[in-house]
Amino acid sequence: MFDAGALRLVVLGLLAEAPRHGYDVIKALEARFRGTYSPSPGSIYPMLQMMEDADLAVSETQGNKRLYSITDAGRAYLEENRAELDKINAQLDETSDALGDVALGEVISDLRRVLFEKLRDGRLTGEQAAKAREILNRAARDLRDL
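Description of the structure in this document.

Procedures and definitions
- Residues numbered from 1 in each chain as written.
- Predicted model: local features only at pLDDT ≥ 70, side-chain atom pairs only at ≥ 80, totals over all residues.
- Heavy atoms only, no water.
- Pairing = 2+ DSSP bridges.
- Helix = DSSP H or I, 4+ residues; strand = E, 2+ residues; numbered from the N terminus.
- Core = buried A, V, L, I, M, F, W, Y, C linked by side-chain atoms within 4.5 Å.
- Buried < 20%, exposed > 50% of the residue type's maximum accessible area, 1.4 Å probe, protein only.
- Expected span 1.5 Å × (residues − 1).
- Arc of directions from axis to C-beta.
- Contact = heavy atoms within 4.5 Å.
- Axes fitted to C-alpha atoms, helices over the stretch in contact; angles between N-to-C directions.
- Parallel < 35°, antiparallel > 145°, perpendicular 65-115°, else oblique.
- Left-handed = near helix turned anticlockwise from the far one by under 90°.
- Nonpolar A, V, L, I, M, F, W, Y, C, P; charged D, E, K, R; others polar.

A separate point is the pairing of strand β3 (residues 65-70). Bridging between strand β1 (residues 20-21) and β3 involves 2 bridges; their strand directions are antiparallel. Counterpart to His21 in the pairing with β3 is Leu67. Sheet topology note: the strand β2 (residues 57-62)/β3 ladder contains 6 bridges and is antiparallel. Residue pairing in the sheet places Ala57 in a bridge with Ile70 of β3. Between β2 and β3, which pair antiparallel in sequence order, lie 2 residues; one of them, Gly63, sits at a positive phi of approximately 65°.

Ordered in space as β1-β3-β2, the 3 strands form an open sheet in which the pairing is antiparallel. Every other strand in the sheet has two partners, leaving β1 and β2 as the edge strands with one partner each.

In this model, Asp55 sits at a positive phi of 65°, which is unusual for a non-glycine residue. Looking at the secondary structure, you find Asp55 in the loop between α3 (41-53) and β2.

Val11, Leu15, Val25, Leu29, Ile44 and Met51 are the most contacted members of the largest nonpolar core, which totals 25 residues. Those elements that place two or more of their residues in this core are α1 (4-17), α2 (22-32), α3, β3 and α5 (82-99). Looking at this core element by element, the count peaks at 8 residues for α1.

So, about α3. Spanning 13 residues, α3 covers 18 Å between terminal C-alpha atoms, matching the ideal 18 Å at 1.5 Å per step. Buried residues of α3: Ile44, Met47, Leu48, Met51 and Glu52, and no others. Projected onto a plane normal to the axis of α3, the buried residues spread over an arc of 140° and lie on a single side. When the buried face of α3 is taken as reference, the exposed residues oriented beyond 90 degrees from it are Gly42, Met50 and Asp53. Where the residues of α3 are buried, they touch α1, α2, β2 and β3. The first or second residue beyond α3 is Asp55, which carries a positive phi of 65°.

Let's shift gears to the environment of Val25. In this fold, Val25 is placed in helix α2. Between the alpha carbons of Val25 and Ile44 there is a distance of 7.8 Å; along the sequence they are 19 residues apart. Beyond its immediate chain neighbours, meaning those up to four positions away, Val25 contacts Val11, Leu14, Leu15, Arg20 and Ile44.

Taken N-terminus to C-terminus, the directions of α1 and helix α4 (residues 72-80) make an angle of 125°; their axes are 10 Å apart at the nearest point. The angle between α1 and α4 places the two elements in the oblique class. Every pair of crossing elements has a handedness; the one defined by α1 and α4 is left-handed. Contacts from Arg8, Leu9, Leu12, Gly13 and Ala16 of α1 reach α4 at Gly74, Arg75, Tyr77 and Leu78. Along the lines of polarity and charge, the residues of the contact of α1 with α4 split into 5 nonpolar, 2 polar and 2 charged.

Right, dumping it as structure tokens:
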């Protein structure tokens, strides 16, 4: 949807709202994107660590979790880049408003989950796999033709 620098600004903006665990950052982004985008832990946790290394965020251990908070340097960075963050948030709002209450992300996640469960469990025969491919190809064509 946008580059890593933009995502870093959005995440820093979330930390400015309230301290968060990495999982909470992922869920907040998923909610912000109305389920159409959910960053992987492999992208968020290294980003949080890099933000901490750059003194934009600080973390404290709470049990087996880390709670991230924005630092004064992070707030200054956010203010220096406020126009860019506002522009990104406006784009997110526009995209979210265009989707309305249609939860495309939930459907995509469900499709991915079902497909990978069947593949992982080895429950698809060759004939079923061919049928699944046909269904997915038809759906892709139908979506292109929208």
